[in-house]
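Descriptive analysis of the structure
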Amino acid sequence: MYHVCRSNWRAPQISTFKVLCDLLKRNVLRAPLAKCGFTVRSASGNAHTFESMMANRRAEARRSILVQVSSERSFPELAKYCSQFGTISSSHHYRVGASAGFGDDEGDYHYIVVEFSESEAADAAIRSAVFNEEKPGVRARSIFLWFRAGPRPKLAVKDTKGKEDSKDKLSSVEGSRIVDDDELKELLMSAENVEDQVEILHGATCLNDIGKRLRFLAVRQMESSLQGMFPQAVAYPFGSSVNGYGKMGCDLDLILDLDSEAGAKQDPESRLVFHTKATNPNERSQIQRQLESIGDVLQLFLPGVNCVRRILKARVPIIKYHHEHLDLEIDLTMNNMTGVYMSELLYLFGQIDQRVQPLTFCVRKWAQAVGLTNHTPGYWISNFSLTMLVMYFLQQLKEPILPPINKLTQKATQSDLRVTENQVTCSFLRDISKLDFKSTNTSSLDELLLQFFDFYSHFDFNQRAISLNVGSSILKPDHSPMYIINPLETVLNVSKNVNLEETELFRIQVRNALWLLDTHDKSTVTGGSEWGLVSLFGNKIKERITPQMFFTKRLVNVKDIFDDVANENVEYKNKAVRNQVSNIQKVTREEINKLTGTGSGGGIKLKRNAKRR
């Protein structure tokens, strides 16, 4: 069913291992082996390419059903019932609305994902289900079910050794539980060194197996609900859910393509042709109307979907909704395959070297803790921009850990050719086993983290732009405070939203991080004081540092000098300044009177609120 394999990243020291095991016994962590330097993978093996990984996850979802139960204790009875349809390959428990403590909460909803060995078994289980006659509603057939009470089960028969004869076991319990800040701090403080801290942070916060399973169940629901009318409809997950840099609780981004086989060769001998609706020549307007209709389908007919919000006037029209059974926020858009190919590129970078993902997680966690990033859009750095900064840093090292993207582009074959609906070419080598690049860099994760902060503390954001395609900086094409060239659409700036204040704040914070790591080493602190990563982001910041804190405020605002009201409410601590302001006002009024002709002779008539030309 499952077998254990060593992960790419080094296992923590023995004392850390013991602490982790102790926490696992108390259900602090989600996946037992993943937090101790091991990972659990399916019997199908590890995916070498993005497309094979996606295909494996889709196949898992195709073989699975999601069943709501009273608690995880319902699993033996559920497993016995479901085994009549086929062999159960794995099963995963999680709950929605779980309280902060470890005890059961009466308001919690418990679910079990049941994966069969064959997709036919999942289909048989769905066909055997009935509709709820007590609760009125649209009868929609789906993979989301609930397990109602049945006859009282017989006591399990035990063998001579006192073990139950049932071989079915839950693969994970409370699999979607997020480690809170206090638990994470306890884990980090138990590490031997900063490198172990980075590895533990990655293992404790990254999107785990059940998190990925739930997201692909949402993908399957979207596709199956539309494929009756649109047989070629495909939903493509992209972003943090699939690129290898997602954390527990991250949103799911979906791109919906209603005609994924458009342009494919058809049978020229067939004389029967489908009637179709004429489309609006305005593609943007057409997408808006289609999304609006799909939003109605989601809200009215799909089980578990609620809180549908249509944001159709945005630059990229989008539908946002919440899935109550999956406890998942989902963003849906259409015809934007560039996002999928960007996710594939980031996924490949994470496969090239084992240090890429843990380092990226650490930098993004630090940025969140010091207030550099925010959940809402704005003038601050996004997680995507931060990821680009990490990738570029790993490219420009004296002994590079990542190759420039142009190297992947040059190695691309005909099968790697991809062109988006906007005629953007996204062709690069998709099988890294064919990449003749091997890094000789042996730096540890803690060394790389220090080097990252040191590199950007000296980087010239004023004059230079970052290009991952060539793996070096170039002169800025415009005056954006921070310029990161989009690897796939090179005319775009990934960080165009970042203003000058946030760029300066980034510089301040990387220098501050350098100082904290240098002065808060485990060997120098005493009495259980915070050290390493805990000193960087162990506690929430009380006050956000801004560049304005390092500049003296003006005594007088310039525009106040020219107000008609002579600053009657302004108090001056220095009489000399007050006299200077009065003299400036007097002279200015005299000059204005001369120009407007209100003084001696005619002049130019000025509009007080005339717009600047």
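Everything here concerns the structure above.
Residues numbered from 1 in each chain as written. Predicted model: local features only at pLDDT ≥ 70, side-chain atom pairs only at ≥ 80, totals over all residues. Heavy atoms only, no water.

Details of the overall build of the chain
Note the cut-off: To qualify as a helix, a DSSP run of H or I must reach at least 4 residues; to qualify as a strand, a run of E must reach at least 2; elements of each kind are numbered from the N terminus. Contact definition: two residues touch when any of their heavy atoms are within 4.5 Å. For the area figures, the Shrake-Rupley method with a 1.4 Å probe applies, and any residue is considered shielded solely by the protein chains shown.
The helix and strand inventory of the chain stands at 16 helices and 13 strands. A separation threshold of at least 6 residues defines the contact pool for the chain, and within that pool the share at least 24 residues apart is 68%. Carbon and sulfur atoms make up 52% of the accessible area of the chain, which amounts to about 34900 Å² in all.

Section: the packing of helix H6 (residues 194–205) against helix H10 (residues 356–369)
This is how it is decided: Here an axis means a line fitted to C-alpha atoms, over the contact stretch when the element is a helix, while the angle between two N-to-C directions is reported on a 0 to 180 degree scale. Put simply, angles under 35 degrees are roughly parallel, angles over 145 are roughly antiparallel, angles from 65 to 115 are roughly perpendicular, and the rest are oblique. Residue polarity follows a fixed list, in which Ala, Val, Leu, Ile, Met, Phe, Trp, Tyr, Cys and Pro are nonpolar, Asp, Glu, Lys and Arg are charged, and the others, Gly among them, are polar.
Two elements in contact, H6 and H10, have axes whose closest approach is 9 Å; the angle formed by their N-to-C orientations is 85°. Accordingly, the angle class assigned to the pair H6 and H10 is roughly perpendicular. Residue-level contacts link Val198, Leu201, His202 and Thr205 of H6 to Gln357, Pro358, Leu359, Phe361, Cys362 and Lys365 of H10. Class assignment of the residues belonging to the contact of H6 with H10 gives a composition of six nonpolar, three polar and one charged.

A closer look at the packing of aromatic side chains
We count it as follows: Two aromatic rings from Phe, Tyr or Trp, using only the six-membered ring of Trp, form a pair when their centres are within 6.5 Å; if the ring planes differ by under 30 degrees the pair is stacked, by over 60 it is edge-to-face, and anything between is tilted. To sort residues, take the accessible area from a 1.4 Å probe on protein chains only and compare it with the maximum for the residue type: under 20% means buried, over 50% means exposed, and anything in between is partly exposed. Only when the NZ of Lys or the CZ of Arg is both within 6 Å of the ring centre and within 35 degrees of the ring normal is a charge said to sit over the ring.
Taken as a whole and judged by the stated rule, the model has 19 aromatic pairs. On the basis of an interplanar angle of 15° and a centroid distance of 5.4 Å, the ring pair of Tyr94 and Tyr111 is categorised as stacked. Residue Tyr94 is located in strand E4 (residues 88–96), and its partner Tyr111 is located in strand E5 (residues 109–116); the two are separated by 17 residues in the primary sequence. In this structure Tyr111 comes out as buried when scored by relative accessible area, which is 5%. Following the ring pairs from residue to residue traces out a cluster consisting of Trp366, Tyr392, Phe393, Phe452, Phe453, Phe455, Tyr456, Phe459, Phe461 and Phe506. Above the plane of the ring of Phe428 lies Arg430, whose end atom (NZ or CZ) is 4.0 Å from the centre.

Here we look at a nonpolar patch on the surface
Note the following rule: Like-charged residues are merged into a patch within 9 Å and nonpolar side chains (Val, Leu, Ile, Met, Phe, Trp, Tyr) within 5 Å, provided each residue has over 30% relative accessible area and no salt bridge. Whenever a carboxyl oxygen of Asp or Glu lies within 4 Å of a side-chain nitrogen of Lys or Arg, that contact is scored as a salt bridge.
Together, Val138, Leu300 and Phe301 line one region of the surface with nonpolar side chains, adding up to about 310 Å² of accessible area. Leu300 gets classed as exposed once you look at its relative accessible area, which sits at 56%.

Observations regarding the packing of helix H11 (residues 383–396) against helix H13 (residues 445–457)
Between H11 and H13, whose axes approach to 11 Å, the crossing angle comes to 100°. With respect to each other, H11 and H13 are oriented roughly perpendicular. Two secondary-structure elements touch here, H11 through Leu389, Val390, Tyr392, Phe393 and Gln396 and H13 through Leu448, Gln451, Phe452, Phe455 and Tyr456. Residue composition of the contact of H11 with H13, by class: eight nonpolar, two polar and no charged.

Some thoughts on the sheet that holds E4
To keep it simple, the criterion reads: Strands qualify as paired when DSSP identifies two bridges or more between them.
The strand order across the open sheet formed by four strands is E4-E5-E3-E6, and the pairing between neighbours is mixed. Both edges of this open sheet fall to E4 and strand E6 (144–146), since each of them pairs with a single strand only. On average, each strand axis in the sheet is tilted by 25° relative to the strand beside it, whichever way the strands run. Note that strand E3 (residues 64–69) and E5 share six bridges and pair antiparallel. Each bridged residue has a counterpart across the sheet, and for Leu66 the counterpart in E5 is Val113.

Focus: H11
Note the cut-off: An expected span of 1.5 Å times one less than the residue number is assigned to each helix.
Taking 1.5 Å as the rise per residue, H11 with 14 residues should run 20 Å; its terminal C-alpha atoms sit 20 Å apart, in good agreement. The buried fraction of H11 is high, at 11 of 14 residues. Regarding H11, the residues found buried are Ser385, Leu386, Thr387, Met388, Leu389, Val390, Met391, Tyr392, Phe393, Leu394 and Gln395.

Some words on empty space enclosed by the protein
Rolled over the atoms, a probe sized like a water molecule indicates the empty space that remains. Our working rule: Only protein atoms enter the 1 Å grid used here. Points where a 1.4 Å probe fits but cannot escape make up a cavity, open sets with protein on both sides within 12 Å along at least five of seven lines make up a pocket, and a residue lines them when an atom lies within 4 Å of a point. Grid points are joined across faces, edges and corners, and a volume is the space filled by probe spheres set on the points.
Going through the model one piece at a time under the given rule, you end up with one cavity of 30 Å³ or more. Computed from the structure, the largest cavity encloses a volume of approximately 40 Å³. Lining the largest cavity, in full, are Arg57, Glu60, Ala61, Ser64, Val113, Lys212, Arg213, Phe216 and Leu217. Of all the elements in the fold, those that place two or more residues in the lining of the largest cavity are helix H2 (50–62) and helix H7 (209–226). Take the lining of the largest cavity: its biggest share by element is four residues, from H7. Class assignment for the residues of the lining of the largest cavity results in four nonpolar, one polar and four charged.

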